[in-house]
Amino acid sequence: MGFSPLSLSQSLSFIMFLFHFHSTISSSHFCAPDQSLSLLQFKESFSINSSASGRCQHPKTESWKEGTDCCLWDGVSCDMKTGHVTALDLSCSMLYGTLHSNSTLFSLHHLQKLDLSDNDFNNSHISPRFGQFSNLALLNLNSSVFAGQVPSEISHLSKLVSLDLSGNYDPSLEPISLAKLVRNLTELRELDLSRVNMSLVAPNSLTNLSSSLSSLSLWGCGLQGKFPGNIFLLPKLESLDMSYNNRLTGSFPSSNLSNVLSSLDLSNTRISVYLENDLISNLKSLEYMYLRNSNIIRSDLAPLGNLTQLILLDFSSNNFIGEIPSLLGNLVQLRYLKLDSNKFMGQIPDSLGSLLNLRTLSLYGNLFNGTIPSFLFALPSLQYLDLHNNNLIGNISELQHDSLVYLDLSNNHLHGPIPSSIFKQENLEVLILASNSKLTGEISSSICKLRFLRLLDLSNNSLSGSTPLCLGNFSNMLSVLHLGMNNLQGTIPSIFSKNNSLEYLNLNGNELEGKIPPSIISCTLLEVLDLGNNKIEDTFPYFLETLPKLQILVLKSNKLQGFVKGPTTYNSFSKLQIFDISDNNFSESLPTGYFNSLEAMMTLDQNMIYMGAINYSSYVYSIEMIWKGVKTKFMKIQSTIRVLDLSNNNFTGEIPKVIEKLKALQQLNLSHNSLTGHIQSSLGNLTNLESLDLSSNLLTGRIPMQLEGLTFLAILNLSHNQLEGPIPSGEQFNTFNANLFEGNLGLCGFQVLKECYDDEALSLSPSSFNEEDDSTLFGEGFGWKAVTMGYGCGFVFGVATGYVVFRTKKPSWFLRMVEDKWNLNSKKTKKNVGRYGARRN
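Per an unreviewed UniProt entry, the protein goes by the name Leucine-rich repeat-containing N-terminal plant-type domain-containing protein and belongs to Populus trichocarpa. The Sequence similarities (unreviewed entry) field of the UniProt record for the protein holds the comment "Belongs to the RLP family." Recorded in UniProt under Subcellular location (unreviewed entry), the annotation for the protein is "Cell membrane".

See the structure below:
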């Protein structure tokens, strides 16, 4: 078949093109050798680590091979005429290591763009040699774990158009360095110093920033004082973020604003914003408006209905009152609406039904009443709906679409069954319907179709029926499973899949029976296990010892029995902070072996944080337990809390001395057992104790004086034992009531309105001294040798006196002395009996 004239002409043109292209390539320079060598040496100074990049991961340096053209390597761009490297983009390259000042990176003098963002440079200081890149137009060190002071040499980069040092490990910027930066970087269009410590910088030093600036982000910089008003008026300013500078003041102007301003964030500042028509008319281009926890002077939201370009509106945490204005329904471009944590009341307005593009609606923490409008469940793009902590009533309507990813309707007054359409939300990650009390019906096994579910909380309702057995293995992504305080029956799911993500499992307060499934050991990330207040019949689940991260174990109020013999593996329960097996039928001696392995109860935790889900920081763990004698529900669990509760069992034997190792304990409850022996004086070493309950046992002897040193002790209950002797006195003991000591007939002291005699106060039992230090037995300066000598002398004197008596046949002087002393003591005894009653011998 021949060629047509047209196809022949096209073929010739294509050949000529190939010839020209080959000639161009042949005449161009490849990567200069020194540039290639510098890059390879730079590569060798770092390792590739998957945890070094979080936002994205692309190990670009893995394509860098010796003997190949570096201009073709990932992230490298060159001047094709000279072969010099002009741009280096190593963002998200998973680089880990220290960037030293002698790095070969700084020999790439022709760089115009350098992006090292989202790596881990291991707290490297930002080198002054960055200032040698005289041609640099873009420098991005965002989120790469740099630390230390920002060098003033950065101000030498006079051609910089974009500078981003944000999101690092608390680097700081001195006033002199900032002044140089403002003065010299006159071409800047984008400046991001977020989370750079600028607490020593006066905000007015920003006054002369480049007039070409289009984006300025200084959130979380510790700025304090008055922010210069002229920054708001920069003519090309498109994006301004000054959020999370809590002491930053000033006033946002109502006129002469940039007509291209599209994003404004003044959240968590004290900059005054007057919501009035003049301001709104000057913000016609605004698309993103963040004023969370801000200093809003006028709280009329109706004018916002004119900002028809808005995509995001966040006015949460501002103490707004009244109803949501219906004019917000005009914001038809709106995708994100956050009005949570205010005091809005009334019903959710129907006008919000016109926001068909809405993806996020957050109205939690207000005073809304009435039913949840059905149109909310008909919004086609809605992914995030949070209405918790309101006064909403009625049933939950069926969802019309399957777009939801997050649904929280907890802490309202909703009732009726959970709609079946919820279990058809294939992308649902979070479902929280807790604390509505009147939600009824069963939990459908269809819930196990939600393969992406990470958090499920249906607690504190009236749900009944059996727990779906598939809940243990339907999703490896589930981290929180809270079905506590319902009326669920049946057994605990018997199979928990390997490699699951479960961190919090709470089935407390149901009617679950059967045994604790051994497959729970597959939950290697489990931090909280609460199976209390059920009807579980089993022995102590030793296999739980192998859970490496378990911090809270609650098995209280079940039908567990047998003895707790102690650890069977190394490091058993080493991270346990709360250990509650109270109100069961455990017997024999206390689990002394475990006391030796409870390492978390031996050391104080100084981190005052609340335990919660890793993936959802807003969700904190909760637990219910006896705290200082009162049934208490902790809506948050502080990481510092340490509790050991073995009460209401059948434990016997003595309190082991090894318990003194648990120095971080705040609450110790061994009450209602059959413990014998003395109260260990070593309990005085538990100096962080706030509550100690040893009541209703068979303890004997005296109350150790060492307990006086427990200065944090707010609750002490020693009632119904067989204790005797004086009750210690001191700051704490002087506040305890008589009923905390009742049932111990041998005790004396003002707390029980019974006077102690001198011989009672001075004589000591083994429980009131340290067996290893005999000097405390007899007071300072007298040990056992001195006492032995005293007894010896007394014995000799007594024998000699007796011999004289019998040889002289009752000498009158001796009889008179003895009879006088006897009569005096007899009178005192009768008088005291009349006042206080008979005392025990």
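S.K.: Quick question: what am I supposed to make of the state of the cysteines here?
M.R.: Among covalent bonds in proteins, the disulfide is the one between the sulfur atoms of two cysteines. Across all of its chains, the model carries 5 disulfides by this definition. Ordering the disulfide-forming cysteines of the protein by sequence position, one finds them joined as 1-3, 2-6, 4-5, 7-8, 9-10.

S.K.: Please clarify how unusual backbone geometry should be interpreted in this entry.
M.R.: Comment: phi is negative for the bulk of residues other than glycine, and the bulk of peptide bonds are trans. For S437, which is not glycine, the phi torsion reads 65° and is therefore positive. Within the secondary structure layout, S437 lies in the loop between β29 (430-432) and β30 (438-440).

S.K.: Which parts of the structure should I look at to understand the environment of N460?
M.R.: Relative to the helices and strands, N460 resides in the loop between β31 (455-457) and β32 (480-482). Counting along the chain gives 24 residues from N460 to G484, while the straight-line C-alpha distance between them is 6.4 Å. The contact partners of N460, leaving out residues within four places of it in the chain, are S435, N436, S437, G484, M485, N486 and K633.

S.K.: I would appreciate a short explanation of the nonpolar core in the present structure.
M.R.: Proteins that are soluble and globular tend to have nonpolar side chains buried together. The biggest cluster of nonpolar side chains holds 197 residues, and the ones touching the most others in it are F130 and F315. For this core, the secondary-structure elements that each account for two or more residues are α2 (33-44), β2 (76-78), β3 (85-89), α3 (175-184), α4 (277-281) and α5 (592-595). Viewed by domain, this core spans two of them, domain 1 (33-156) and domain 2 (641-757), each represented by three or more residues. With sequence-adjacent residues up to four places away left out, F315 is seen in contact with L275, M289, L291, I296, L301, L304, F320, K338, L339 and N342. Counting 23 residues, the second largest nonpolar core, distinct from the first, contains V480, Y621, M625 and V643.

S.K.: Any chance you could explain α2 here in plain terms?
M.R.: Along an α-helix, residues three or four apart share an orientation, since each turn contains 3.6 residues. Over its 12 residues, α2 extends 17 Å from the first C-alpha to the last, a length consistent with the 16 Å expected when each residue adds 1.5 Å. Inspection of α2 places Q35, S36, S38, L39, L40, F42 and K43 among the buried residues, and these make up the whole buried set.

S.K.: I tried to follow the pattern of salt bridges on my own but got confused; where do I start?
M.R.: Pairing of side chains with opposite charge becomes possible as their charged atoms draw close. Summed over all chains, the structure comprises 7 salt bridges. As a salt-bridge pair, K60 and D89 come within 3.4 Å of each other at their nearest N and O atoms. Within this pair, whereas K60 is found in the loop between β1 (47-48) and β2, its partner D89 is found in strand β3, the two being separated by 29 residues in sequence. R454 serves as the salt-bridge partner of E429, at 3.9 Å between the closest nitrogen and oxygen. Here E429 is found in the loop between β28 (413-417) and β29, whereas its partner R454 is found in the loop between β30 and β31, with 25 residues between them in sequence. Taking relative accessible area as the criterion, R454 reaches 23% and is therefore assigned partly exposed.

S.K.: Is there a simple way to think about the environment of I348 in this case?
M.R.: If you trace the backbone, I348 turns up in the loop between β22 (343-346) and β23 (360-362). The exposure class assigned to I348 is buried, which follows from its relative accessible area of 4%. For the pair I348 and G370, spaced 22 residues apart in sequence, the C-alpha to C-alpha distance is 8.2 Å. With residues up to four places along the chain from it excluded, the contact list for I348 reads L363, F368, P373, L376 and L387.

S.K.: Mind showing me how you'd approach the sheet that holds β22 here?
M.R.: Working definition: the strands of a sheet are paired by backbone hydrogen bonds and lie parallel or antiparallel to each other. The parallel open sheet is built from 6 strands, whose spatial order is β20-β22-β24-β26-β28-β30. Edge strands, defined here as strands with exactly one partner in the open sheet, are β20 (321-322) and β30. With 2 bridges joining them, strand β26 (residues 391-394) and β28 adopt parallel strand pairing. Bridge assignment links G394 to a residue of β28, and that residue is L414.

S.K.: What am I meant to see in the packing of aromatic side chains here?
M.R.: Here the distance between the centres and the angle between the planes together describe a pair of aromatic rings. Taken as a whole, this structure holds 26 aromatic pairs when the rule is applied. Where Y504 meets Y621, the ring centres are 4.6 Å apart and the plane angle is 15°; that geometry is what we call stacked. With Y504 in strand β33 (residues 504-506) and Y621 in the loop between α5 and β40 (623-627), this pair connects stretches of sequence that are 117 residues apart. You'll find Y504 and Y621 in the same group, each marked buried. Residues F586 and F651 carry aromatic rings whose centres are separated by 6.5 Å and whose planes lie at 20° to one another, so their mutual orientation is stacked. Taken as a pair, F586 in strand β39 (residues 585-589) and F651 in strand β43 (residues 650-654) lie far apart in primary sequence, 65 residues in all. For the pair shown, F586 and F651 are each scored as buried.

S.K.: How do you make sense of the pairing of strand β41 (residues 630-634) when you look at a structure like this?
M.R.: Sheet faces and side chains relate simply in a regular strand, where the side chains alternate between the two faces. Alignment of β40 against β41, held across 5 bridges, turns out to be antiparallel. Bridging across to β41, I626 finds its partner in K631. Linking β40 to β41, which pair antiparallel, is a turn of 2 residues; within it K628 sits at a positive phi near 55°.

S.K.: So what exactly am I meant to see when it comes to the pairing of β39 here?
M.R.: In the sheet, strand β37 (residues 559-563) pairs with β39 via 3 bridges, with the strands oriented parallel. Within the sheet, the bridge partner assigned to Q561 lies in β39 and is N585. When β39 meets β43, the two strands line up parallel, connected through 3 bridges. From the neighbouring strand, S587 faces β43, where its bridge partner is N650.

Calculation criteria
- Residues numbered from 1 in each chain as written.
- Predicted model: local features only at pLDDT ≥ 70, side-chain atom pairs only at ≥ 80, totals over all residues.
- Heavy atoms only, no water.
- UniProt positions renumbered as here; feature names shortened; annotations may be inferred.
- Disulfide = S-S within 2.5 Å.
- Helix = DSSP H or I, 4+ residues; strand = E, 2+ residues; numbered from the N terminus.
- Contact = heavy atoms within 4.5 Å.
- Core = buried A, V, L, I, M, F, W, Y, C linked by side-chain atoms within 4.5 Å.
- Buried < 20%, exposed > 50% of the residue type's maximum accessible area, 1.4 Å probe, protein only.
- Domains from an automatic or database assignment.
- Expected span 1.5 Å × (residues − 1).
- Salt bridge = Lys/Arg side-chain N within 4 Å of Asp/Glu carboxyl O.
- Pairing = 2+ DSSP bridges.
- Phe/Tyr/Trp six-rings, centres within 6.5 Å; stacked < 30°, edge-to-face > 60°.

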